[in-house]
Amino acid sequence: MNSLKELFQFMSERKRLWLAPIIIILLLLGLLIVFVEGSALAPFIYSVF
């Protein structure tokens, strides 16, 4: 949690808040791949990428 706090502090100090949506989308895609990996939807997710 400390690294996320530092990341958002860095972005707010350097006026790089436009990075937040990109980071959130990448994290959500990563979580989707991890959680769907063992399910029946896995072939469909991998074909998208």
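Structure: above.
Residues numbered from 1 in each chain as written. Predicted model: local features only at pLDDT ≥ 70, side-chain atom pairs only at ≥ 80, totals over all residues. Heavy atoms only, no water.

Engineer: What should I look at first to understand the overall build of the protein chain in this one?
Structural biologist: When helices and strands are tallied, the protein chain shows three helices and zero strands. The order of helices and strands in the protein chain, counted from the N terminus, is α-α-α. Across the 49 residues that make up the protein chain, the buried fraction comes to 10%. (Helix = DSSP H or I, 4+ residues; strand = E, 2+ residues; numbered from the N terminus. Buried < 20%, exposed > 50% of the residue type's maximum accessible area, 1.4 Å probe, protein only.)

Engineer: Would you mind showing me how to read the pattern of salt bridges here?
Structural biologist: Side chains bearing opposite charge may pair, as long as their charged atoms lie close to each other. Counted according to the given criterion, the structure contains one salt bridge. With a shortest N-O distance of 3.9 Å, arginine 14 and glutamate 13 are connected by a salt bridge. (Salt bridge = Lys/Arg side-chain N within 4 Å of Asp/Glu carboxyl O.)

Engineer: When you look at a nonpolar patch on the surface in this model, what are you seeing that I'm missing?
Structural biologist: Taken together, Trp18, Ile22, Ile25, Leu26, Leu29 and Leu32 make up a surface patch of nonpolar side chains, about 590 Å² in accessible area. Tracing the sequence through the fold places tryptophan 18 in the loop between helix H1 (2-13) and helix H2 (19-36). Take tryptophan 18: its relative accessible area is 54%, and that puts it in the exposed class. (Patch = residues over 30% accessible without salt bridge, like charges linked within 9 Å, V, L, I, M, F, W, Y side chains within 5 Å. Areas by Shrake-Rupley, 256 points an atom, 1.4 Å probe, with all protein chains shown as cover.)

Engineer: Before we go on, may I ask you to explain H1 in this structure?
Structural biologist: Given 3.6 residues per turn, any residue in an α-helix points the same way as the ones three and four places further on. Over its twelve residues, H1 runs 16 Å from end to end, which matches the ideal 16 Å to within 8%, given 1.5 Å per residue. With its phi angle positive at about 60°, lysine 15 sits one or two positions after the end of H1. (Expected span 1.5 Å × (residues − 1).)

Engineer: Could you clarify how one ought to interpret unusual backbone geometry in this entry?
Structural biologist: Most of the time, phi is negative for any residue but glycine, and the peptide bond is trans. One non-glycine residue with positive phi stands out, namely lysine 15, at about 60°. Among the secondary structure elements, lysine 15 is positioned in the loop between H1 and H2. Judged by relative accessible area, lysine 15 falls into the exposed class, the value being 66%.

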